[in-house]
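Architecture at a glance
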Protein chains: 2
Amino acid sequence: MALAYDGAIQRLIDAFSRLPGIGPKGAQRIAFYLLSASQEEAQQLVDAITEVKDKVRFCDICGNVCEISPCPVCADPRRDHSVICVVEEPKDVMSIERTREYRGLYHVLGGAINPMANVGPADLNIPKLLDRLKTDEVQEVILALDPNIEGEATCTYLSRLLSPLGIKVTRLASGLPVGSDLEYADEITLARALTGRRAA
Amino acid sequence: MALAYDGAIQRLIDAFSRLPGIGPKGAQRIAFYLLSASQEEAQQLVDAITEVKDKVRFCDICGNVCEISPCPVCADPRRDHSVICVVEEPKDVMSIERTREYRGLYHVLGGAINPMANVGPADLNIPKLLDRLKTDEVQEVILALDPNIEGEATCTYLSRLLSPLGIKVTRLASGLPVGSDLEYADEITLARALTGRRAA
């Protein structure tokens, strides 16, 4: 017996190992789980993967994932079409929707500027954002990018790009997370919270 | 927009969430990864799952996973057919093979006795082990079960079951892992290492 599994199992372990967040041990565990799972459960997983690759596309307007383009948000007349919230990834749209505080539209960039990973402004869904701003409908662009180096770089880039257009450009507040302890806050977060202090 | 993703994506996230070791966030990450992955890579994963469910079976002799029964180990005349190493799962076979120290056969139980999860001796691949011991060929059974409560219970059960058959029943040594620190060893492991001390 070789020191790798028989053909089919090893190929399944390899296929799962290539997915993000799954290491060789995790892939092995999943492979053996699927092996003893019912034919039906394995088929559900296969169908779900096939269905997503067949059906899911990106919205022609905002770049979010959807099954019919334009996506339900862009097509919804009850949403506020004067505000566009710019995010990095489709999952960020979901995070903001969960707050139930936002009724405007979105624009998904598909990433953030990251010179280390060779991602520049040209790799992001920025031209379509500029197209959307050509009409007079949009009053405000909210930059809701991740508060890390890549997000900050993208924020600065977009802010410089959009401010000459005469549109209000805002960004999410930085500060202490709700439920956290002042004692454990890092200096940069605390400094931001001080700078951004509001009337109590 | 609802607070869940569109149909197909949510179904894919749900399907991955059901796999062991993958939480909702991890499943979401994988779903979006597959969404932007090439059609080819997604197809490879689908094919690997389908292939395993189609081709992989359990060896009629030892219960290990294989594509042709009997498995390559059971069918190999160069292996020592007088020793059977009893393990819980197919992945344990691979762990022992990796040591390159063992040339005997295996027997895969398919789990360990665990009353909390309603797994009793009747749920394990024990009858086939007894069948294999009916010939005079087998001289020794090595119990290589996990050193936890379930493994110990299974070890004790099998040891009582097999000792009347006049076959040598042994178990893996307990003690300090190589490369570890005496200072950080738990009391039970240290006690086992003391009890099992050998001439230096």
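Keep in mind the model is a prediction, meaning the values are calculated, not measured.

1. Quick notes on the packing of helix α1 (residues 7-17) of chain A against helix α2 (residues 24-36) of chain A
Residue and element names in this part refer to chain A. Where α1 contacts α2, the two axes come as close as 8 Å, and the packing angle between them is 130 degrees. Here α1 is positioned oblique relative to α2, judged by the angle of their axes. For the pair α1 and α2, the sense of crossing is right-handed. Contacts from I9, L12, I13, F16 and S17 in α1 reach P24, A27, Q28, I30, A31, F32, L34 and L35 in α2.

2. With respect to a positive patch on the surface
On the surface, K25(A), R29(A), K91(B) and R98(B) cluster together to form a positively charged patch. Of all the elements in the fold, those that place two or more residues in the positive patch are α2 of chain A together with α5 (90-99) of chain B.

3. Description of the domain arrangement of chain A
Taken domain by domain, chain A consists of domain 1 (8-41) and domain 2 (77-171). Taken over C-alpha atoms, the centre of domain 1 of chain A sits 37 Å from the centre of domain 2 of chain A.

4. So, the UniProt feature "domain: Toprim" (unreviewed entry) in chain A
The UniProt entry lists residues 82-177 of chain A under the feature "domain: Toprim" (unreviewed entry), expressed in the numbering used here. Note that residues 82-177 of chain A is 31% helix and 20% strand, and that its end C-alpha atoms are spaced 28 Å apart.

5. Observations concerning the pairing of strand β5 (residues 140-143) of chain B
Residues and elements named next belong to chain B. Here β5 shows a buried face lined by E140 and I142 and a second buried face lined by V141 and L143. Of the strand pairs in this sheet, strand β3 (residues 80-87) and β5 are connected by four bridges, and their pairing is parallel. Its bridge partner lying in β5, C85 is registered against I142. As paired strands, β5 and strand β6 (residues 168-171) are joined by four bridges and run parallel to one another. Within β6, the residue paired with L143 across the bridge is R171. Crossover connection from β5 via helix α7 (residues 149-162) to parallel β6: handedness right-handed.

Conventions adopted
- Residues numbered from 1 in each chain as written.
- Chains lettered and ligands numbered in written order.
- Predicted model: local features only at pLDDT ≥ 70, side-chain atom pairs only at ≥ 80, totals over all residues.
- Heavy atoms only, no water.
- Axes fitted to C-alpha atoms, helices over the stretch in contact; angles between N-to-C directions.
- Helix = DSSP H or I, 4+ residues; strand = E, 2+ residues; numbered from the N terminus.
- Parallel < 35°, antiparallel > 145°, perpendicular 65-115°, else oblique.
- Left-handed = near helix turned anticlockwise from the far one by under 90°.
- Contact = heavy atoms within 4.5 Å.
- Patch = residues over 30% accessible without salt bridge, like charges linked within 9 Å, V, L, I, M, F, W, Y side chains within 5 Å.
- Areas by Shrake-Rupley, 256 points an atom, 1.4 Å probe, with all protein chains shown as cover.
- Salt bridge = Lys/Arg side-chain N within 4 Å of Asp/Glu carboxyl O.
- Lys, Arg positive; Asp, Glu negative; His and termini not counted.
- Charge placed at Lys NZ, Arg CZ, Asp CG, Glu CD.
- Domains from an automatic or database assignment.
- UniProt positions renumbered as here; feature names shortened; annotations may be inferred.
- Buried < 20%, exposed > 50% of the residue type's maximum accessible area, 1.4 Å probe, protein only.
- Pairing = 2+ DSSP bridges.
- Right-handed = clockwise from strand over helix to strand, strands pointing away.

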